[in-house]
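Coordinate inspection notes
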Amino acid sequence: QLQFVESGGGLVQPGGSLRLSCTAPYAKLDVYAVGWFRQGPGQERRLVACIGRGGSSTDYGESVKGRFTISRDAENMVYLQMNSLQVENTAVYYCAGVRTIDTACFHYKYYGWGQGTQDPVSS
């Protein structure tokens, strides 16, 4: 069963950086595309970044291009490096996956949501 666990959240100053991590203890992630999602106060959950099953294909939301980087390794881990954080990036961040045939990661119905990790950006 695909079920993610997120970690790495915490208080960060405006302009600072944070790296989030997620993994799926009960699934082998090499057959899944993995995405990071955010849910800000009063907002719906939306895709921030995703990475395809092969690790070479990535996609990002327009607002985070050039600041966030998603990556994955051979040890069943997926990361989201967030740089130049601003107050507007304050949100709960979730990890989820989808089993795919191709290497794309956008426009899929993700599942296996973790509990989320909270990343407040504040002075």
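Residues numbered from 1 in each chain as written. Predicted model: local features only at pLDDT ≥ 70, side-chain atom pairs only at ≥ 80, totals over all residues. Heavy atoms only, no water.

**Quick look at the sheet that holds strand β6 (residues 68-72)**
Spelled out, the test is: By definition, two strands form a pair when at least two bridges between them are found by DSSP. Starting at the N terminus, helices and strands are each numbered in turn, a helix being any DSSP run of H or I of at least four residues and a strand any DSSP run of E of at least two. As a rule, the C-alpha atoms of each element are fitted with a line to give its axis, helices using only the stretch in contact, and angles between N-to-C directions run from 0 to 180 degrees.
Pairing in this open sheet of four strands is antiparallel, and the strands run β1-β2-β7-β6 from one edge to the other. Either end of the sheet is taken by a strand with one partner, and the two such strands are β1 (5-7) and β6. Pairwise comparison of adjacent strand axes, ignoring direction, gives a mean angle of 15° for this sheet. Pairing between strand β2 (residues 18-23) and strand β7 (residues 77-82): six bridges, direction antiparallel. Counterpart to Arg19 in the pairing with β7 is Gln81.

**Details of the sheet that holds strand β5 (residues 58-60)**
The strand order across the open sheet formed by five strands is β5-β4-β3-β8-β9, and the pairing between neighbours is antiparallel. Since the sheet does not close on itself, it has two edges, and those belong to β5 and β9 (117-119), each with one partner. Each neighbouring strand pair of the sheet contributes to a mean axis angle of 30°, computed without reference to strand direction.

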